[in-house]
Amino acid sequence: MQSPPDWPPVPGALRPSPFPHPMLQAFHGLARALLFPAYWALDQLLGCWAPMPRPSCLKWLSAAARAGAALLLLVLLGLPLALPSLLPWLVLQAWRRPFSYQPPPQCWSPPAPWRPPAEPARCFNFLSANLCLLPDGLARFSNLKHTQRRAEAMGTVLLAGLRPSRYVAMGCSPPGPREPCGVLLAAVPAGLDFVCLQEVFDLRAARRLVNLLAPNMGPVLYDVGTFGLQPGPHLKLLGSGLLLASRYPLLRAAFQTFPHARREDALASKGLLSVQAQVGILEGRRIVGFLHCTHLHAPSEDGPLRCKQLTLLLGWAEQFEAESRHSDEVVAFSVLLGDLNFDNCSLDHAQEQEHQLFSRFQDPCRLGTRLEQPWALGTVLSTSRLHHSVACSPEMLQRALEQEEGRHRYLARPTHGGHLAKPWQGRRLDYITYRGVPGGPLSPEVEQVTFSTALAGLTDHLAVGLRLRVSMSF
């Protein structure tokens, strides 16, 4: 007789260090530390060129010139440390796994495993958010600064969505046919089970989030990406910016890098992060769920490149699920989420809007090509108004976006040639899509989609949530 699987399972394939030996980890840490002074000074110097409102008085210009000269001097002083460290850092990337894993503390207690049919259904809550946690100088080009302070504040906001469900699973609505609905909230949705964050490029900011999320939520994957010289050849100095946290135990993870990038994405290692999590036990078999997190190519005019990335990630997702799934496991859901950098209203994005992604995964906010649900909402804010008093208050921004006038004022408009829907809903770049296994014993369906202004004043995107109800198929 088969023994029931352990709970929580031991994540044997996930070791905390991205390196196979502690000595390699130590050398890598030393190389990063020696590179940091020049990196920091160069980042601050770059921030001086960001387009921000500035007074034109001679006194200000003189102060800016002195600050720029001081930063340039710091860059030059850091070079004797940085240059000898760059080559070892590049060489060490050959042994580095493309993510770091932060296990939960010993006292961590995951939710009780879902055990159907005794518990006929369980709801799982997903959140996706682009945090714009770039190095401070780069973040200023998006009219955002103080990356470390914003990371700390965002971590506090996210924790508010964890506390109501730290020890219990959230209940589901009564069974029966229902239509998915959308809700605009000023807070993070309660009862988060899986959090996928994009643009967490700054490692210090990532560690701040990890230090808050791991003890209060569970395992975290961060510092995701392949660095150094990559086939092409391409030099990658930034990671993918992806960070994933889970309340459920993670069994396996993998990351694949997109092979081509241009312009502002050329130095970043964007790709697809895939994980397998165990969420329950059915008749002695594991119930697992798959998550695929991504952030596609940014330049708006590069639609064909984004389409290639979509095709690649669909293949990688299928491959990961096939390699991870055992014959005695039951799949509850497969969710693909992240910032896809195209909307469903701009004519410039026609090629992406008709991609096969939408026949393989279900997008609950979409009715068809350039046709959204009436409750769907754009997720990109107007960067020129990020520091307006309304845009910095979750409650005030929520009230503003409930009105069409507020959506016109605070949401980014479509790219040239875009379709201005009536009523205007904004540009939705952030997606959470899902699918089940046809003919399988478990079936997922959408209970609710949420758009959250909880991160107002901290980033240029709204957070998007999905509440997925999984039940026994009859």
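Residues numbered from 1 in each chain as written. Predicted model: local features only at pLDDT ≥ 70, side-chain atom pairs only at ≥ 80, totals over all residues. Heavy atoms only, no water.

Asker: I would appreciate a short explanation of the sheet that holds strand β9 (residues 250–257) in the present structure.
Answerer: Sheets are built from strands paired through backbone hydrogen bonds, the pairs being either parallel or antiparallel. The sheet built from five strands is open, its strands ordered β9-β10-β11-β12-β15 with mixed pairing. Two strands bound the open sheet, and with one partner strand each, they are β9 and β15 (430–435). Shown here is a sheet whose adjacent strand axes are inclined to one another by a mean of 15 degrees, direction ignored. (Pairing = 2+ DSSP bridges. Helix = DSSP H or I, 4+ residues; strand = E, 2+ residues; numbered from the N terminus. Axes fitted to C-alpha atoms, helices over the stretch in contact; angles between N-to-C directions.)

Asker: When you look at the environment of His387 in this model, what are you seeing that I'm missing?
Answerer: Assignment of secondary structure puts His387 in the loop between β14 (371–372) and α9 (394–401). A relative accessible area of 45% places His387 in the partly exposed class. As for His387 and Asn143, which are separated by 244 residues in sequence, their C-alpha atoms are 8.4 Å apart. Among residues more than four places away in sequence, those in contact with His387 are Asn143 and Cys392. (Buried < 20%, exposed > 50% of the residue type's maximum accessible area, 1.4 Å probe, protein only. Contact = heavy atoms within 4.5 Å.)

Asker: Which parts of the structure should I look at to understand unusual backbone geometry?
Answerer: Only a minority of non-glycine residues have a phi that is not negative, and only a minority of peptide bonds are not trans. Geometrically, the link from Pro116 to Pro117 is a cis peptide bond, its omega value of 5 degrees lying close to zero. Even without being a glycine, Asp223 presents a positive backbone phi close to 50 degrees. With respect to the helices, strands and loops of the structure, Asp223 is situated in the loop between β5 (220–222) and β6 (228–230). Judged by relative accessible area, which is 13%, Asp223 ranks as buried. Despite not being glycine, Asn341 has its phi angle at roughly 60 degrees, a positive value. Looking at where Asn341 falls in the secondary structure, it is placed in the loop between β12 (330–339) and α7 (350–353). Note on Asn341: relative accessible area 11%, which makes it buried.

Asker: How do you make sense of the nonpolar core when you look at a structure like this?
Answerer: Formed by 61 residues in total, the largest nonpolar core has its most connected members in Phe124, Phe126, Phe194, Leu273 and Phe333. Not counting residues within four places of it along the chain, the set of residues in contact with Phe194 comprises Phe124, Asn125, Phe126, Leu127, Met217, Ala245, Ser246, Tyr248, Ala277, Val279, Leu291 and Phe333. Of all hydrophobic cores here, the second largest spans 31 residues; its members include Leu127, Ala151, Ala205 and Ala214. (Core = buried A, V, L, I, M, F, W, Y, C linked by side-chain atoms within 4.5 Å.)

Asker: Help me understand the pattern of salt bridges, please; the structure alone is not making it clear to me.
Answerer: Opposite charge on two side chains lets them pair, provided their charged atoms get close. Under the defined criterion, the tally for this structure stands at 22 salt bridges. For Lys270, the salt bridge is made with Asp265, and the minimal N-O distance between the two is 3.0 Å. Asp265 shares its class with Lys270; the two are buried. With its nearest N and O atoms 2.9 Å apart, the salt bridge here joins Asp363 to Arg428. In this pair, Asp363 is assigned in the loop between α8 (357–360) and β13 (366–368) and Arg428 in the loop between α10 (404–410) and β15, connecting sequence segments 65 residues apart. (Salt bridge = Lys/Arg side-chain N within 4 Å of Asp/Glu carboxyl O.)

Asker: Can you help me understand the packing of aromatic side chains in this one?
Answerer: The geometry of an aromatic ring pair is captured by two quantities: the separation of the ring centres and the angle between the planes. On inspection of all chains with the given rule, the structure shows 14 aromatic pairs. Pairing Phe194 with Tyr248 gives two aromatic rings, centres 5.8 Å apart and planes at 20 degrees, and the pair type is stacked. Separated by 54 residues along the polypeptide, Phe194 in strand β4 (residues 194–198) and Tyr248 in the loop between β8 (243–246) and β9 bring together distant segments of the chain. Judged by its relative accessible area of 1%, Phe194 is buried. Here Tyr248 falls in the buried class, since its relative accessible area comes to 0%. An aromatic cluster of at least three residues, connected via ring pairs, comprises Trp114, Phe124, Phe126, Phe194, Tyr248 and Phe333. The ring of Phe358 carries the charged tip of Arg366 above its face, separated from the ring centre by 4.0 Å. (Phe/Tyr/Trp six-rings, centres within 6.5 Å; stacked < 30°, edge-to-face > 60°. Lys NZ or Arg CZ within 6 Å of the ring centre and 35° of its normal.)

Asker: How do you make sense of the packing of helix α4 (residues 147–160) against helix α5 (residues 203–216) when you look at a structure like this?
Answerer: In a packed pair of helices, the relevant descriptors are the angle between the two axes and the axis-to-axis distance. Two elements in contact, α4 and α5, have axes whose closest approach is 8 Å; the angle formed by their N-to-C orientations is 20 degrees. Judged by the inter-axis angle, α4 sits roughly parallel to α5. By crossing handedness, the relation of α4 to α5 is classed as right-handed. Contacts between α4 and α5 involve Thr147, Gln148, Ala151, Glu152, Met154, Gly155, Thr156, Leu158 and Leu159 on the former and, on the latter, Arg204, Ala205, Arg208, Leu209, Leu212, Leu213 and Asn216. Looking at the contact of α4 with α5 residue by residue, the class counts come to eight nonpolar, five polar and three charged. (Parallel < 35°, antiparallel > 145°, perpendicular 65-115°, else oblique. Left-handed = near helix turned anticlockwise from the far one by under 90°. Nonpolar A, V, L, I, M, F, W, Y, C, P; charged D, E, K, R; others polar.)

Asker: In this structure, what is going on with the sheet that holds strand β2 (residues 121–130)? I would like to understand it.
Answerer: Spatial ordering of the open sheet is given by β1-β5-β8-β4-β2-β17-β16-β3, a layout of eight strands whose pairing is mixed. Looking at which strands have only one partner, the edges of the open sheet turn out to be β1 (100–102) and β3 (181–185). Adjacent strand axes in the sheet meet at a mean angle of 20 degrees when their direction is disregarded. Across five bridges, the pairing between β3 and strand β16 (residues 442–452) is parallel. Counted as the bridge partner of Leu184 is Phe451 from β16.

Asker: Explain the environment of Gly440 to me, please; I cannot follow it from the model alone.
Answerer: Assignment of secondary structure puts Gly440 in the loop between β15 and β16. Exposure remark for Gly440: the relative accessible area of 19% places this residue in the buried category. Measuring from C-alpha to C-alpha, the distance between Gly440 and Ser473 comes to 7.4 Å, with 33 residues separating the pair along the chain.

Asker: Please explain the confidence of the model for the protein chain as it appears in this structure.
Answerer: Atomic detail in the predicted coordinates should be set aside for any region of low pLDDT. Considering every residue of the protein chain, the mean pLDDT works out to 88; 88% of them sit at 70 or more. The model gives residues 165–169 a pLDDT under 50, and that stretch makes 11 contacts with residues more than four places away or in other chains. (pLDDT = per-residue confidence, 0-100.)

Asker: Would you take a moment to explain empty space enclosed by the protein for this structure?
Answerer: One way to see where empty space is left: roll a probe the size of a water molecule over the atoms. Applying the stated criterion across every chain, the model contains two cavities of 30 Å³ or more. In this structure, the largest cavity occupies an estimated 60 Å³ of space. Taken together, Lys236, Phe258, His260, Ala261, Asp265, Ala268, Ser269, Lys270, His297 and Gln309 make up the full set of residues lining the largest cavity. Residue composition of the lining of the largest cavity, by class: three nonpolar, four polar and three charged. (1 Å grid on protein atoms, 1.4 Å probe; cavity = no way out; pocket = protein on both sides within 12 Å on 5 of 7 lines; lining within 4 Å. Points joined across faces, edges and corners; volume = space filled by probe spheres on them.)

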